Amino acid sequence: MNLANWLQRTAVKTPDRPALFLGTELTADYGAFDARAASVAAALIARGVGPGDRVAIFMKNLPDYMIVEYGVWYLGAAIVPINAKLHAREAAWIIEDSGATIAFATPDAAAELASVGTDCPVIDVSGDEFSQMQQTPRLVAVTPRAPEDMAWLFYTSGTTGKPKGVIITHGMLVGMALCYFADVDPVRPEDCAIYAAPMSHAAGIYNLMHVLAGCSHVFPPSGGFDGREIFDLVRHYGSAHLFAAPTMVQRLTQDAKETGETGEGLRTIVYGGGPMYVADIVEAVDHFGPIFVQIYGQGECPMAISVLPRGDVADRTHPNWRERLISVGRAQSMVEIMIGDSDGAPLPPGETGDIMVRGDTVMPGYWNNPAASKKTIVDGWLLTGDMGFLDAQGYLTLQDRSKDMIISGGTNIYPREVEEALMFHDGVAEVSVVGRPEPEWGEDVVAFVVRTAGSDVDEATLDAHCLDNIARFKRPKAYFWVSELPKNNYGKVLKTELRDRLAEMSDK
């Protein structure tokens, strides 16, 4: 089934229901949303775009993003969303690698692409050409697509080397949406989805179930994340859904405490995409209440590996509530999770190994990269590259990426465990733990620390704190004080860059 069918069905059922907003300004009801998408589809067909082709989207968050997205799906082509924060050369590489036949861009992105040069035609969505496309006689019927047909070509963040294109099919996204209804959160027509994180990533994927339910879709005028703007919008609309990276949740909590905001109107915040430290989510729940749901996924199984529901996130009465809060929950309905040893054999509960996932929401492979596909999908199992363990109740706890694990004196040390301990100190705002080469032991544990405002916490204090909370051999052997941690465009800490800094220090 083509995902565009969901838009068409909602438009037929409730054409006058408000659909797309820029701030508080209505830009399209569902009837207009569907008509404009179908017109863009017809205009693309007139330009030679057909089923199976790729169309790049290099845009900031705007209502037009969804019109382009569903227009591409209407004709049976696949979207190639590109994070608007990427450099134009990075975007041009993705456009070339994907073989995109045409690209849509916001004005600044279009100008940047022109400056680096690309053979792909680029349509500025602020210009007359895009306006004319939306007035083209519409495509009447949605082009049929099979579950295995590609809908979304997602390029990984590329923290090491060039990003890989993940093939995400219509069937995968249908499965993800149904898992959302079953496992994550109900969706009601009176709800609204606010897009403060990049539409090229998780926030954009989460528009699907909100289109099917006939919700409103709200794009902040700033085009991104601003806590005070978010509070104004959720108070205006009420019953608001928001996808947020853990760093965004932390910032929302701090903004709320500074301004006295209660988060009135926030119905659900789904968080994921990076480690959420227990101290941060406890503080957030204490302030906003039981509105948080955690998901674990990756591009290769988008948003659909596990879920920690709001009841578990908010519970402080269960004997194991802290352990559960450290976890990423239990398997979503359409997948199996297994912990494997180095040979892929299953490990018993409590033992740490490679996290492996199998199910209908797992990718078929990488775009034009059979070697990487063969390495990542083994006997039907997705090798996530993450390390973790399952407890007896099926809760999955991530330790770290396998490449981030520290081996000191033959003993495995998981940076996440050390980071969790450090984050419970009031003087620590952010921390990232990595391994530093050491001749005798193999690696030392070191920590890059961002102090909280006004804190003068020192190494001796944190060392004593670690000794009170974790085994002696796990504590950092050195601390490096930094004003901020290096992060990619999705808010993930770039541990590779931190290791490079260590290498530069050792060379001096």
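See the structure printed just above.
Residues numbered from 1 in each chain as written. Predicted model: local features only at pLDDT ≥ 70, side-chain atom pairs only at ≥ 80, totals over all residues. Heavy atoms only, no water.

## Describing the overall build of the chain
- The helix and strand inventory of the chain stands at 18 helices and 25 strands.
- For 508 residues, the compact-globule estimate of 2.2 N^0.38 gives 23 Å, and the chain sits close to it at 23 Å.
- Taken over the C-alpha atoms alone, the chain extends approximately 70 × 50 × 45 Å along its principal axes.
- Counting only residues that meet the buried cut, the chain has 57% of its 508 residues in that class.
- Within the chain, contacts between residues at least 6 apart in sequence are counted, and of these 67% link residues at least 24 apart.
- Of the roughly 20400 Å² that the chain leaves accessible, carbon and sulfur atoms contribute 50%.
- Distance from the positive charge centre (42 side chains) to the negative charge centre (66 side chains) of the chain: 1 Å. (Helix = DSSP H or I, 4+ residues; strand = E, 2+ residues; numbered from the N terminus. Rg over C-alpha atoms; globule rule 2.2 N^0.38 Å. Buried < 20%, exposed > 50% of the residue type's maximum accessible area, 1.4 Å probe, protein only. Contact = heavy atoms within 4.5 Å. Areas by Shrake-Rupley, 256 points an atom, 1.4 Å probe, with all protein chains shown as cover. Lys, Arg positive; Asp, Glu negative; His and termini not counted. Charge placed at Lys NZ, Arg CZ, Asp CG, Glu CD.)

## Digging into the packing of helix α10 (residues 227-237) against helix α11 (residues 246-259)
- Close contact between α10 and α11 brings their axes to 9 Å; oriented N to C, the two are set at 75 degrees. When the axis of α10 is compared with that of α11, the two are roughly perpendicular. Between α10 and α11, the contacting residues are Gly227, Arg228, Ile230 and Phe231 on the first element and Leu252, Asp255, Ala256, Glu258 and Thr259 on the second.
- Split by residue class, the contact of α10 with α11 holds 4 nonpolar, 2 polar and 3 charged. (Axes fitted to C-alpha atoms, helices over the stretch in contact; angles between N-to-C directions. Parallel < 35°, antiparallel > 145°, perpendicular 65-115°, else oblique. Nonpolar A, V, L, I, M, F, W, Y, C, P; charged D, E, K, R; others polar.)

## Digging into the sheet that holds strand β24 (residues 442-451)
- With mixed pairing, 3 strands are arranged side by side in an open sheet as β23-β24-β25. Single-partner strands in this sheet number two, and they are β23 (428-438) and β25 (478-481). Across the sheet, the axes of successive neighbouring strands diverge by a mean angle of 25 degrees, strand direction being ignored.
- Examined bridge by bridge, β24 and β25 share 4 bridges and lie parallel to one another. Paired with Val446 across the two strands is Ala478, which belongs to β25.
- Lying on the sheet, helix α16 (residues 415-423) is in contact with β23, β24 and β25; it crosses β23 at an angle near 145 degrees. (Pairing = 2+ DSSP bridges.)

## Some words on unusual backbone geometry
- Positive phi, normally seen in glycine, also occurs at Met303, with a value near 60 degrees.
- Position of Met303 among the secondary structure elements: in strand β14 (residues 301-308).
- The residue Asn368 is not glycine, and still its phi comes out positive at about 50 degrees.
- Residue position: Asn368 is located in the loop between β17 (353-359) and α15 (370-376).

## What to know about the nonpolar core
- Grouped together as the largest cluster of nonpolar side chains are 127 residues, with contacts concentrated most on Phe33, Phe104 and Phe292.
- The dominant element in this core, judged by the number of residues it contributes, is helix α2 (residues 30-46), at 9 residues.
- With residues up to four places along the chain from it excluded, the contact list for Phe104 reads Val40, Leu44, Val55, Ala56, Ile57, Phe58, Met59, Val68, Ile123, Val125, Phe130 and Met133.
- By size, the runner-up hydrophobic cluster in this structure holds 22 residues, among which are Leu86, Ala100, Leu153 and Tyr155. (Core = buried A, V, L, I, M, F, W, Y, C linked by side-chain atoms within 4.5 Å.)

## Overview of empty space enclosed by the protein
- A complete count under the given rule lists 1 cavity of 30 Å³ or more for this structure.
- Roughly 30 Å³ of internal volume is contained in the largest cavity.
- Split by residue class, the lining of the largest cavity holds 1 nonpolar, 1 polar and 3 charged. (1 Å grid on protein atoms, 1.4 Å probe; cavity = no way out; pocket = protein on both sides within 12 Å on 5 of 7 lines; lining within 4 Å. Points joined across faces, edges and corners; volume = space filled by probe spheres on them.)

## Notes on the sheet that holds strand β2 (residues 25-29)
- Reading across the sheet, the 9 strands line up as β2-β1-β10-β9-β11-β12-β13-β14-β15 and stay open at both edges, with mixed pairing between neighbours. The sheet is open, and its two borders are formed by β2 and β15 (330-331), each paired with just one other strand.
- As defined by bridge partners, β14 adjoins β15 across 2 bridges and the pair is classed as antiparallel. Following the sheet pairing, Ser306 is matched in β15 by Ala331.

## With respect to the packing of α11 against helix α12 (residues 278-288)
- Close contact between α11 and α12 brings their axes to 10 Å; oriented N to C, the two are set at 45 degrees. On the basis of their axis angle, the class for α11 and α12 is oblique. Considering how the two elements wind past one another, α11 and α12 form a crossing that is left-handed. Of the residues in α12, those touching α11 at Val249, Gln250, Leu252, Thr253, Gln254, Ala256 and Lys257 are Asp280, Glu283, Ala284, His287 and Phe288. (Left-handed = near helix turned anticlockwise from the far one by under 90°.)

## Some remarks on the pattern of salt bridges
- According to the stated counting rule, one finds 21 salt bridges in the structure shown.
- Residue Lys474 pairs with Glu417 through a salt bridge whose shortest N-O separation is 2.8 Å. Pair noted here: Lys474 is in the loop between α17 (459-469) and β25 and Glu417 is in helix α16, with a separation of 57 residues, a long-range link.
- Relative accessible area serves as the criterion here: at 15%, Lys474 is assigned to the buried category.
- A salt bridge links Glu497 to Arg501, with the nearest nitrogen and oxygen atoms 3.6 Å apart. On the criterion of helical spacing, the pair formed by Glu497 and Arg501 is a turn pair, its members being 4 residues apart in helix α18 (residues 495-507).
- Taking the relative accessible area as the measure of exposure, Glu497 reaches 34% and is therefore partly exposed.
- Judged by its relative accessible area of 26%, Arg501 falls in the partly exposed class. (Salt bridge = Lys/Arg side-chain N within 4 Å of Asp/Glu carboxyl O.)

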